[in-house]
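Structural overview for review
As a plain string of letters, each chain reads:
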Amino acid sequence: DQQVKQNSPSLSVQEGRISILNCDYTNSMFDYFLWYKKYPAEGPTFLISISSIKDKNEDGRFTVFLNKSAKHLSLHIVPSQPGDSAVYFCAARDSGAGSYQLTFGKGTKLSVIP
Amino acid sequence: DAGITQSPRHKVTETGTPVTLRCHQTENHRYMYWYRQDPGHGLRLIHYSYGVKDTDKGEVSDGYSVSRSKTEDFLLTLESATSSQTSVYFCAISPQSYEQYFGPGTRLTVT
């Protein structure tokens, strides 16, 4: 059973506009959420994270929002740039699991059109 | 960037042969992980290590074994490679925090 779901396999956005990537989860024990960005032929790179005790975290053009009651988080990129074109993975940590294991979604491919 | 290297970066092997992938870190982090990435599946955890000689299974561990004899090295072995193990393999490290930092990946093809 998929505990972290990214229901949109792909998203296209015009340069300069906002990109919104969504992630839903089912495990109420998740206490920390992360977003990773992946370019082709490279490893994923950590982008931004949020603790379950917060509802928003911002870092430059990137903001992550967490809605615990809906078990939903989203990543906003404003303004979107062509270099943001990549696959974005949502990940979550189970507070009851050991060794800082993460559960990943299947990813959303973002294409920013110049 | 975190000091993580993976070797080899690309490998083609035949069904039934053993294969070992190496992950090397220069960060002295305690936690190390092996993932595989496949289309439609995202990143799935194979095995992880929480210290020298301390390892445990992840979500998709069947057909894989690992070893960690030194802090800096984490080896993933496919005991008898099968075509279903054709994938991109990523190693990750963590400094005892929630963020994990990934290596560049190894593309393995089993023919």
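Before any of the text, the structure's been laid out above.
Scope of this entry: the structure provided in the associated data block.

Cut-offs applied
Residues numbered from 1 in each chain as written. Chains lettered and ligands numbered in written order. Predicted model: local features only at pLDDT ≥ 70, side-chain atom pairs only at ≥ 80, totals over all residues. Heavy atoms only, no water. Contact = heavy atoms within 4.5 Å. Buried area = accessible area lost by both parts, 1.4 Å probe. Salt bridge = Lys/Arg side-chain N within 4 Å of Asp/Glu carboxyl O. Polar contact = N/O pair within 3.5 Å; in protein donor to acceptor, adjacent residues only side chain to side chain. Helix = DSSP H or I, 4+ residues; strand = E, 2+ residues; numbered from the N terminus. Nonpolar A, V, L, I, M, F, W, Y, C, P; charged D, E, K, R; others polar. Buried < 20%, exposed > 50% of the residue type's maximum accessible area, 1.4 Å probe, protein only. Pairing = 2+ DSSP bridges. Axes fitted to C-alpha atoms, helices over the stretch in contact; angles between N-to-C directions.

1. Observations concerning the interface of chain A and chain B
Each partner contributes residues to the interface: chain A has 20 residues there, and chain B has 22 residues. Both faces combined, the contact of chain A with chain B buries some 1800 Å², and carbon together with sulfur accounts for 61% of it. Linking chain A to chain B there are zero salt bridges. Applying the counting criterion to the chain A and chain B interface returns four residue pairs in polar contact (both at pLDDT 80 or more). For the side of chain A that touches chain B, the secondary structure elements donating two or more residues are β4 (30-38), β5 (45-51), β9 (86-94) and β10 (102-104) of chain A. With five residues, β4(A) is the single largest residue contributor to the side of chain A that touches chain B. Split into classes, the residues belonging to the side of chain A that touches chain B amount to ten nonpolar, five polar and five charged.

2. Comments concerning the environment of Glu14(B)
Residue and element names in this part refer to chain B. For glutamate 14, the position within the fold is in the loop between β2 (10-13) and β3 (19-25). Note on glutamate 14: relative accessible area 55%, which makes it exposed. Note: C-alpha distance between glutamate 14 and threonine 82 (68 residues apart in sequence) is 8.0 Å. Ignoring sequence-local partners within four residues, the contact set of glutamate 14 consists of Ala81, Val110 and Thr111.

3. Notes on the side chain of Asp38(B)
Residues and elements named next belong to chain B. Mapped onto the elements, aspartate 38 comes out in strand β4 (residues 31-38). Judged by relative accessible area, which is 11%, aspartate 38 ranks as buried. Looking at aspartate 38, its side chain comes within polar contact range of the side chain of serine 87, at 2.7 Å. The residues contacting aspartate 38, other than those within four sequence positions of it, are Arg44, Thr86 and Ser87.

4. A few points about the sheet that holds β3(B)
Residues and elements named next belong to chain B. Within the open sheet, the four strands sit side by side as β1-β3-β8-β7. Their pairing is antiparallel. Lying at the two open borders of the sheet, with one neighbouring strand each, are β1 (4-7) and β7 (64-70). For this sheet the average axis-to-axis angle between neighbouring strands, irrespective of direction, equals 20°. Note: β1 against β3, four bridges, orientation antiparallel. Bridging across to β3, glutamine 6 finds its partner in cysteine 23.

That's the geometry; what it means functionally is another story.
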